[in-house]
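Close look at the chain arrangement
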Amino acid sequence: MYYDGKTGEEGAPTFKASMDTKHKMNNLSFSELCCLFCCPPCPGKIASKLAFLPPDPTYTLMCDESGSRWTLHLSERADWQYSSREKDAIECFMTRTSKGNRIACMFVRCSPNAKYTLLFSHGNAVDLGQMSSFYIGLGSRINCNIFSYDYSGYGASSGKPTEKNLYADIEAAWLALRTRYGIRPENVIIYGQSIGTVPSVDLAARYESAAVILHSPLTSGMRVAFPDTKKTYCFDAFPKLRN
């Protein structure tokens, strides 16, 4: 699922579901399906192939000579909807995860008096550049600041998107939000969208926060590609349902 840059009734943001995974799966041959599920047959690898669809990066981060300040450059595909004044409210930086990857983080100051900050884990087919306009609009409407990050292998982040990296990524984002900005757990709302609900639930199980919001949570890795799947298989990843 991804933000389509449009708004619906009363200015609410609208989303479209990504069909890329389903179309790819419908066109796979038997041998390709065997390769998908059996090479190697471990849940983490299968989940990476089914659940992660990193787009071509829609932004770059340029570091100054001091190495402490990063400048955000958006491409046309990021579809920026606001002026340079709103863009100045966005602070980006890189941080390292426990797995050794460097991930891009974005802090959007939407309100100087915001009580809460959303720790936002986005969907599987977008990056921070594509989500930046949405973050400005969302934070302004609900009077919250937004902190988000790109998963390993997405946008300017290094590494590859895997289940284990997903958990390390949000852990690094949480620590950066707490230490860099001094935001207390009771002022953080953990928000996960689509594949982002997976690390959000993991983080919420380990740390206290103000609230947890799950937007379009997936029931398992298999069901991302095969929505009509009724049975939970032993090799399935992110399983939420029991047989």
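Residues numbered from 1 in each chain as written. Predicted model: local features only at pLDDT ≥ 70, side-chain atom pairs only at ≥ 80, totals over all residues. Heavy atoms only, no water.

As recorded by an unreviewed UniProt entry, the protein carries the name Alpha/beta hydrolase domain-containing protein 17B and is attributed to Physeter macrocephalus. Quoted verbatim from the Catalytic activity (unreviewed entry) heading of the UniProt record, the comment on the protein is "S-hexadecanoyl-L-cysteinyl-[protein] + H2O = L-cysteinyl-[protein] + hexadecanoate + H(+)". For the record of the protein, the UniProt heading Sequence similarities (unreviewed entry) holds the text "Belongs to the AB hydrolase superfamily. ABHD17 family." (UniProt positions renumbered as here; feature names shortened; annotations may be inferred.)

Observations regarding the nonpolar core
Within the largest apolar cluster, 50 residues are counted, with the highest numbers of intra-cluster contacts made by Leu119, Phe120, Tyr135 and Phe147. It is helix α6 (residues 163-181) that provides the largest number of residues to this core, a total of eight residues. Beyond its immediate chain neighbours, meaning those up to four positions away, Leu119 contacts Phe147, Tyr149, Ile170, Ala173, Trp174, Leu177, Val188, Ile189, Ile190, Tyr191 and Leu203. (Core = buried A, V, L, I, M, F, W, Y, C linked by side-chain atoms within 4.5 Å. Buried < 20%, exposed > 50% of the residue type's maximum accessible area, 1.4 Å probe, protein only. Helix = DSSP H or I, 4+ residues; strand = E, 2+ residues; numbered from the N terminus. Contact = heavy atoms within 4.5 Å.)

A word on the packing of aromatic side chains
Across all of its chains, the model carries 13 aromatic pairs by this definition. With 6.2 Å between their ring centres and 45 degrees between their planes, Phe93 and Phe147 make a pair best called tilted. In this pair, Phe93 sits in strand β5 (residues 90-96) while Phe147 sits in strand β8 (residues 145-149), placing the two residues 54 residues apart along the sequence. Considered together, Phe93 and Phe147 belong to a single accessibility category, that of buried residues. By the ring-pair criterion, three or more aromatic residues cluster together here, those being Phe93, Phe107, Phe147 and Tyr181. A cation over a ring is seen here: Arg180 above Phe93, with NZ or CZ 3.9 Å from the ring centre. (Phe/Tyr/Trp six-rings, centres within 6.5 Å; stacked < 30°, edge-to-face > 60°. Lys NZ or Arg CZ within 6 Å of the ring centre and 35° of its normal.)

A short note on unusual backbone geometry
Positive phi, normally seen in glycine, also occurs at Asp79, with a value near 55 degrees. A positive phi angle, near 55 degrees, is found at Ser194, a position not held by glycine. Looking at the element boundaries, Ser194 is found in the loop between β9 (188-193) and α7 (197-206). On the basis of relative accessible area, Ser194 is assigned to the buried category, the value being 12%.

Describing α7
All buried positions along α7 are accounted for by Thr197, Val198, Pro199, Ser200 and Leu203. Among the structural elements, β7 (117-121), β8, α6, β9 and β10 (211-215) are those in contact with the buried residues of α7.

Regarding the layout of surface pockets
Size it by volume and the second largest pocket reaches roughly 300 Å³. Lining the second largest pocket are 13 residues, and of these Arg69, Trp70, Asp88, Ile90 and Glu91 lie nearest its centre. Of all the elements in the fold, those that place two or more residues in the lining of the second largest pocket are β4 (70-74) and β5. For the lining of the second largest pocket, the per-class residue count stands at five nonpolar, two polar and six charged. (1 Å grid on protein atoms, 1.4 Å probe; cavity = no way out; pocket = protein on both sides within 12 Å on 5 of 7 lines; lining within 4 Å. Points joined across faces, edges and corners; volume = space filled by probe spheres on them. Nonpolar A, V, L, I, M, F, W, Y, C, P; charged D, E, K, R; others polar.)

Section: the side chain of Thr97
By the element assignment, Thr97 lies in the loop between β5 and β6 (102-108). On the accessibility criterion, Thr97 (7% relative accessible area) is buried. Setting aside anything within four residues of it in sequence, one finds Thr97 in contact with Ile103, Ala168, Asp169 and Ala172.

A short note on α6
Every α-helix winds through 3.6 residues per turn, so residues three or four apart in the chain are directed the same way. Relative to the 27 Å expected for 19 residues at 1.5 Å per residue, α6 spans 27 Å between its end C-alpha atoms, a close match to the ideal helical length. Following α6 by one or two positions, Gly182 has its phi on the positive side, about 65 degrees. (Expected span 1.5 Å × (residues − 1).)

Re the packing of α6 against α7
Closest axis-to-axis distance for the α6/α7 pair is 9 Å, and the angle between their directions is 60 degrees. In terms of orientation, α6 lies oblique with respect to α7. For the element pair α6 and α7, the recorded crossing hand is right-handed. On the side of α6, the interface is formed by Leu166, Tyr167, Ile170, Glu171 and Trp174, while α7 contributes Val198, Pro199, Ser200, Asp202, Leu203 and Arg206. (Axes fitted to C-alpha atoms, helices over the stretch in contact; angles between N-to-C directions. Parallel < 35°, antiparallel > 145°, perpendicular 65-115°, else oblique. Left-handed = near helix turned anticlockwise from the far one by under 90°.)

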